[in-house]
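Read off the chains here:
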Amino acid sequence: MTVLSASNLMMHRGGRPILRDVAFRAQSGEFVAIIGANGAGKSTLLASIAGLIVPDAGTIRLDDADLAGLTRVQIARRRAYLPQNPRCEWPLSVERLVALGLTPVLPAFGGLPAEMQMRVDAMLDEWDLVFHRAQPATTLSGGELARAMLARALVGNPDILIADEPISGLDPRHALDCAGRLSALARGGKLVIASVHDLTLAARYATRICALDHGSVTDDGPPEKILTPELLRSVFEVEACVSGAGARAFVDYLTPSAP
Amino acid sequence: MTGVAEIASGDGRPGPGARPFTSGFPVAAPLIVILCVLAIVSLLSGRVWLSPQEVWDGIFSSHSQLSSLIVIELRLPRTVLAIMVGATLGLCGAVLQGFTRNPLAEPGLLGVSAGASFGAVIAIYFGISLISAVAIPVCGLIGALAAMSLTFAIGGGGGTVSLVLAGAAVNAFLFALISLGLNLAPSIEAAYEIMTWLMGSLANRSWDHVLLVTPFIVAGCAMLAFTGRSLDALSLGEIQAESLGVNLRRLSLIALIGTALAVGAATSVTGTIGFIGLVGPHLVRPFVGYQPSRILFPAALAGAVLLLAADIATRWISIGPEMKLGVFTALVGTPVFFWLVMRLRRVSP
């Protein structure tokens with residue numbers, strides 16, 4: 001059981017508060033969708049709890065350990081992180097790209113050990129990338145690249161996956177596929193934390209929704225309790241219609257709220 | 001030059017399903033063979049052509065005085081320097097291209113070559129070069145380390161972009177100082193000496209030069225050689241590399257110090273030699289599947305091959321005075337640069 005928790009997180013950039021006294025706790029088996037308007041502090045929160053930026057105040061704990069006391073490599077072995085629109089800057093083969101996810105667990109010298117190559121092969125198979133194995137990652141389509149990056153993130157078998165908008169930019173089929181896979185990961189015992197703009201997918205697949213507004217967590221709980229027209233009005237300043245529940249949940253926007 | 005045909009024939013992007021036919025090619029082996037052949041040719045050729053027998057006797061017996069002197073005191077140190085400096089430039093170019101993820105990065109990027117050049121200009125300007133044959137390289141090394149400190153003071157501690165920008169600023173400042181040195185040169189002869197030194201050459205370099213720079217080049221290259229795994233992770237960008245446990249600050253520091261030691265030492269003994277560090281990595285990149293860590297060793301070999309070949313060519317070309325090595329690499333390298341830019345324009349998304 002892995003528990004990631006944060007308390008009293010504060011962050012300022014350019015004199016402007018980005019995170020205000022954020023408290024957050026999540027554990028294995030959860031798929032937490034972070035929602036909020038642009039600039040609400042979602043990316044900063046994700047990067048903070050991933051240990052990539054140090055907050056101005058507050059503590060983040062991974063199980064019983066303070067994140068600030070762990071080395072980069074120790075953290076990298078426990079959690080994977082995917083930024084918004086991840087890309088590959090050289091035309092590496094997809095197989096090599098996925099293998100890069102093993103960087104924190106590689107032995108100090110030498111190439112890829114045989115059992116790690118087997119893990120790479122298994123991930124290529126699991127994420128439907130076998131056919132693209134030798135293809136340069138720079139020539140993949142958006143959906144294929146998203147899958148390759150998720151395979152890259154998960155090849156080291158981390159306990160936690162933190163992803164910044166993994167679904168944005170994907171067509172409906174790939175978005176559904178990606179959200180379904182994230183949900184399956186959580187059911188398989190991993191902790192998945194992702195910022196999501198597609199609220200219908202968040203309602204259907206996430207086990208929990210955490211709403212951020214101007215750097216503060218305003219609501220946190222299961223989708224059917226959290227996603228209400230009132231919340232969407234206060235967080236996104238839109239009039240919205242929310243219907244159905246579970247796999248049939250549906251959220252659509254109608255008009256911007258009156259000021 | 002084994003890679004040119006390969007790169008020109010395709011853009012390294014095989015279709016789905018196929019394994020890239022080039023990525024498993026053991027490119028290091030043919031480069032080592034070519035390097036050995038060139039090293040032998042380098043010992044044979046020069047103003048006086050020697051037969052292989054004369055070279056053999058020159059090295060292994062003390063009977064033939066003249067050929068022994070030519071081979072051991074002139075051509076052997078020159079050949080060794082060409083290989084060391086070429087390998088340094090190739091390796092450093094590969095590291096900096098991986099570090100910046102910019103295919104046009106080259107060893108002078110962080111200002112250390114300009115620092116070494118400025119140190120040499122100071123040595124000539126104030127007549128320190130008259131004291132000893134190794135005065136110029138010693139001043140060059142000091143200049144390179146000073147430039148490194150300046151680059152680090154301005155851009156250290158941030159990401160790759162701040163380091164590269166700091167290097168550009170230091171480069172601009174030092175080139176202004178070099179121009180000032182030329183402008184205020186105490187005599188025509190001093191100005192001429194500065195100019196010819198800046199053109200880069202391996203002529204008349206002795207074992208003293210080799211011994212002076214070897215520790216710095218070995219230490220610098222050893223540091224750069226250990227950056228491979230971090231450079232691989234950096235192909236995913238800085239944030240993903242950091243998320244995989246790469247310490248970007250430490251990597252910046254290693255790249256900067258390694259470059260300062262190795263390229264600073266190389267430049268301080270040969271003068272400015274362009275294009276080797278830029279082109280070397282590109283010749284081998286498609287053969288190793290573009291993986292930054294696997295480029296390092298072949299890029300060093302390619303750099304050594306290119307520089308040794310260029311140095312031999314300058315000895316073969318007879319146009320009156322000896323053609324300077326730096327001028328030759330610039331002349332030959334520029335069309336390769338044009339081709340590279342056109343290819344990048346075609347390949348880049």
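Computed from a predicted structure; not experimentally measured.

**Quick notes on the overall build of chain B**
Step number 1: Along the backbone of chain B there are 15 helices and 0 strands.
Step number 2: Relative to its length of 349 residues, chain B is compact, with a C-alpha radius of gyration of 20 Å against a globular reference of 20 Å.
Step number 3: Over its C-alpha atoms, taken along the principal directions, chain B stretches across nearly 60 × 45 × 35 Å.
Step number 4: A buried classification covers 51% of the 349 residues belonging to chain B.
Step number 5: Taking the intrachain contacts of chain B between residues at least 6 apart in sequence as the baseline, contacts between residues at least 24 apart amount to 76%.

**Regarding the overall build of chain A**
Step number 1: Secondary structure summary: chain A contains 9 helices and 12 strands in total.
Step number 2: The C-alpha radius of gyration of chain A comes to 19 Å, within 12% of the 18 Å expected for a compact globule of 259 residues.
Step number 3: Along the first, second and third principal axes, the C-alpha atoms of chain A reach 60 × 40 × 35 Å.
Step number 4: Relative to its full complement of 259 residues, chain A shows a buried share of 47%.

**Remarks on unusual backbone geometry**
Step number 1: Positive phi is not limited to glycine here, since A:Asp21 has a value of about 50°.
Step number 2: A tally of 14 C-beta atoms within 10 Å means that A:Asp21 is categorised as partly exposed.
Step number 3: For B:Phe275, which is not glycine, the phi dihedral falls at a positive 75°.
Step number 4: Counting through the fold element by element, B:Phe275 comes out in the loop between α12 (248-270) and α13 (276-284).

**Looking at the sheet that holds strand β9 (residues 208-213) of chain A**
Residue and element names in this part refer to chain A.
Step number 1: Read from one edge of the open sheet, 6 strands run β6-β7-β8-β3-β9-β10, paired in mixed fashion. Bordering the open sheet on either side are β6 (79-82) and β10 (216-221), each of which pairs with just one other strand. The sheet shows a mean angle of 15° between the axes of neighbouring strands, taken without regard to direction.
Step number 2: Summarising the sheet, β6 and strand β7 (residues 160-164) pair through 4 bridges and their orientation is parallel. Following the sheet pairing, Tyr81 is matched in β7 by Ile162.
Step number 3: Packed on one face of the sheet, helix α6 (residues 172-187) meets β3 (31-35), β7 and β8 (191-195) and runs near 150° to β8.

**Some words on the packing of helix α2 (residues 28-44) of chain B against helix α14 (residues 292-316) of chain B**
All names here are of chain B.
Step number 1: Viewed as axis vectors pointing N to C, α2 and α14 meet at an angle of 25°, and their least axial separation amounts to 9 Å. By the criterion of interaxial angle, the relationship of α2 to α14 is roughly parallel. The two elements α2 and α14 cross, and the hand of that crossing is left-handed. Together, Ala28, Leu31, Ile32, Ile34, Leu35, Leu38, Ala39, Val41 and Ser42 of α2 and Phe297, Pro298, Leu301, Ala302, Ala304, Val305, Leu308, Ala309, Asp311 and Ile312 of α14 make up the contact between the two elements.
Step number 2: Here the residues of the contact of α2 with α14 sort into 17 nonpolar, 1 polar and 1 charged.

**Some details on the interface of chain A and chain B**
Step number 1: With 27 residues of chain A at the interface, the matching set in chain B holds 28 residues.
Step number 2: The residue inventory of the side of chain A that touches chain B, partitioned by class, reads 17 nonpolar, 6 polar and 4 charged.

**Details of α12(B)**
Step number 1: The terminal C-alpha atoms of α12(B) lie 32 Å apart, and with 23 residues this matches the ideal 33 Å at 1.5 Å per residue to within 8%.
Step number 2: Just downstream of α12(B), B:Gly271 is the residue with a positive phi angle, here 85°.

**Some points on the confidence of the model for chain A**
Step number 1: Mean pLDDT over chain A works out to 93, with 100% of the residues at or above the 70 mark.
Step number 2: When mean pLDDT is taken per element in chain A, β8(A) scores highest with 97 and strand β12 (residues 250-256) of chain A scores lowest with 88.

**A look at helix α9 (residues 229-236) of chain A**
Residue and element names in this part refer to chain A.
Step number 1: Within the sequence span of α9, burial applies to Leu231, Leu232 and Phe236. Considered in projection along α9, the buried side chains sweep an arc of 95° and stay on one side of the axis.
Step number 2: Contacts from the buried residues of α9 go to β9, β10, α8 (223-226) and β11 (238-243).

**Looking at the sheet that holds strand β2 (residues 16-27) of chain A**
All names here are of chain A.
Step number 1: Taken together, the 4 strands give an open sheet; going across it, the order is β2-β1-β4-β5, and neighbouring strands pair in antiparallel fashion. Since the sheet does not close on itself, it has two edges, and those belong to β2 and β5 (65-66), each with one partner.
Step number 2: Bridge analysis of strand β1 (residues 3-13) against strand β4 (residues 57-62) gives 5 bridges, and the strand direction is antiparallel. Bridging from a neighbouring strand, Ser7 pairs with Thr59 of β4.

**Considering the packing of helix α4 (residues 65-100) of chain B against α12(B)**
Residue and element names in this part refer to chain B.
Step number 1: For the pair α4 and α12, interaxial distance at closest approach is 10 Å and the crossing angle is 145°. The way α4 lies across α12 gives a crossing that is left-handed. Between α4, through Leu81, Val85, Thr88, Leu89, Cys92, Val95, Leu96 and Phe99, and α12, the contact on the second element is made entirely by Ala255, Thr259, Ala262, Val263, Ala266, Val269 and Thr270.
Step number 2: Residue composition of the contact of α4 with α12, by class: 12 nonpolar, 3 polar and no charged.

**Section: the environment of B:Leu301**
Residues and elements named next belong to chain B.
Step number 1: Along the polypeptide, Leu301 turns up in helix α14.
Step number 2: Residue classification places Leu301 among the buried positions, given that 26 C-beta atoms sit within 10 Å.
Step number 3: Sequence separation between Leu301 and Gly119 is 182 residues, and the spatial gap between their C-alpha atoms is 28 Å.
Step number 4: The contacts of Leu301, once residues within four sequence positions are left out, are Ala28, Leu31, Ile32, Leu35 and Ala87.

**What about the pairing of β12(A)?**
All names here are of chain A.
Step number 1: Two elements, β11 and β12, share 6 bridges in a ladder whose sense is antiparallel. Across the sheet, residue Val242 finds its bridge partner in β12, namely Val251.
Step number 2: In sequence, β11 turns back onto β12 through a hairpin of 6 residues, with Gly244 there showing a positive phi of about 65°.

**Thoughts on the environment of B:Gly86**
Step number 1: Along the polypeptide, B:Gly86 turns up in helix α4.
Step number 2: Apart from the residues within four sequence positions on either side, B:Gly86 is in contact with B:Ile276, B:Gly303, B:Ala304, B:Leu306, B:Leu307 and B:Leu308.

**Things to note about the confidence of the model for chain B**
All names here are of chain B.
Step number 1: Here chain B averages 86 in pLDDT, and 91% of its residues register 70 or above.
Step number 2: Across residues 1-22, where pLDDT falls below 50, the model places 35 contacts with residues more than four positions away in sequence or in other chains.
Step number 3: With a pTM of 0.89, the predicted complex shows an ipTM of 0.92.

Thresholds, definitions, all that
- Residues numbered from 1 in each chain as written.
- Chains lettered and ligands numbered in written order.
- Predicted model: local features only at pLDDT ≥ 70, side-chain atom pairs only at ≥ 80, totals over all residues.
- Helix = DSSP H or I, 4+ residues; strand = E, 2+ residues; numbered from the N terminus.
- Rg over C-alpha atoms; globule rule 2.2 N^0.38 Å.
- Buried ≥ 20, exposed ≤ 12 C-beta atoms within 10 Å, placed from the backbone.
- Contact = placed C-beta atoms within 7 Å.
- Pairing = 2+ DSSP bridges.
- Axes fitted to C-alpha atoms, helices over the stretch in contact; angles between N-to-C directions.
- Parallel < 35°, antiparallel > 145°, perpendicular 65-115°, else oblique.
- Left-handed = near helix turned anticlockwise from the far one by under 90°.
- Nonpolar A, V, L, I, M, F, W, Y, C, P; charged D, E, K, R; others polar.
- Expected span 1.5 Å × (residues − 1).
- pLDDT = per-residue confidence, 0-100.
- Arc of directions from axis to C-beta.

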